[in-house]
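Here's the letter readout for the chains.
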Amino acid sequence: MIPKLPITCPSCSSSLNVSQLACPSCSTTVSGNFPLPVLLRLNQEEQDFILQFFLTSGSLKEMASQMGISYPTVRNRLDDLISKIKQLQNQE
């Protein structure tokens with residue numbers, strides 16, 4: 001199982017930043033203090049929803065069918081996700 005990238009501090013729940021990136025091919029490393037992109041600051045369920053939205057070409061009707069839930073429920077989840085992404089963008 002591939003470990004998931006943590007997005008919050010296990011101690012205080014604050015957002016984490018990336019401090020080092022490494023190239024597996026040549027072992028070059030880049031160090032600094034980089035904030036996570038907005039989409040990576042979403043939890044796994046929210047990221048999965050966006051991926052499914054993309055793979056269904058934005059068809060909420062198709063998503064509802066695949067997820068076995070109602071269209072209004074999918075629409076509400078999308079609205080909540082849009083609101084959260086706007087909030088995260090305003091924090092930058």
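Just so we're clear, the structure is a prediction, and the values are computed from it rather than from any experiment.

The rules behind the values
- Residues numbered from 1 in each chain as written.
- Predicted model: local features only at pLDDT ≥ 70, side-chain atom pairs only at ≥ 80, totals over all residues.
- Heavy atoms only, no water.
- Helix = DSSP H or I, 4+ residues; strand = E, 2+ residues; numbered from the N terminus.
- Rg over C-alpha atoms; globule rule 2.2 N^0.38 Å.
- Buried < 20%, exposed > 50% of the residue type's maximum accessible area, 1.4 Å probe, protein only.
- Patch = residues over 30% accessible without salt bridge, like charges linked within 9 Å, V, L, I, M, F, W, Y side chains within 5 Å.
- Areas by Shrake-Rupley, 256 points an atom, 1.4 Å probe, with all protein chains shown as cover.
- Salt bridge = Lys/Arg side-chain N within 4 Å of Asp/Glu carboxyl O.
- Pairing = 2+ DSSP bridges.
- Axes fitted to C-alpha atoms, helices over the stretch in contact; angles between N-to-C directions.
- Left-handed = near helix turned anticlockwise from the far one by under 90°.
- Contact = heavy atoms within 4.5 Å.

Scanning the protein from terminus to terminus reveals three helices and two strands. Taken from the N to the C terminus, the helices and strands of the protein come in the order β-β-α-α-α. For 92 residues, the compact-globule estimate of 2.2 N^0.38 gives 12 Å, and the protein exceeds it by more than 25% at 17 Å. Structurally, the protein occupies a C-alpha span of about 45 × 30 × 20 Å along its principal axes. Expressed as a percentage of its 92 residues, the buried residues of the protein come to 18%.

Here the focus is a nonpolar patch on the surface. Judged by side-chain polarity, Leu21, Val30 and Phe34 come together as a nonpolar surface patch covering roughly 250 Å² of accessible area. Note that Val30 resides in strand S2 (residues 29-35).

Let us look at the pairing of S2. The pairing of strand S1 (residues 17-22) with S2 spans five bridges and is classified as antiparallel. When the bridges of S2 are listed, Leu21 appears paired with Val30. From the end of S1 to the start of S2, which pair antiparallel, there are six residues, and Ser27 there has a positive phi angle of about 70 degrees.

A few words on the packing of helix H1 (residues 44-55) against helix H3 (residues 71-90). One way to put it is that H1 packs onto H3 with a least axis distance of 11 Å and a crossing angle of 115 degrees. In the packing of H1 onto H3, the handedness of the crossing is left-handed. Side by side, H1 and H3 meet where Glu46, Phe49, Ile50 and Phe53 of the first sit next to Val74, Arg77, Leu78, Leu81, Lys84 and Ile85 of the second.

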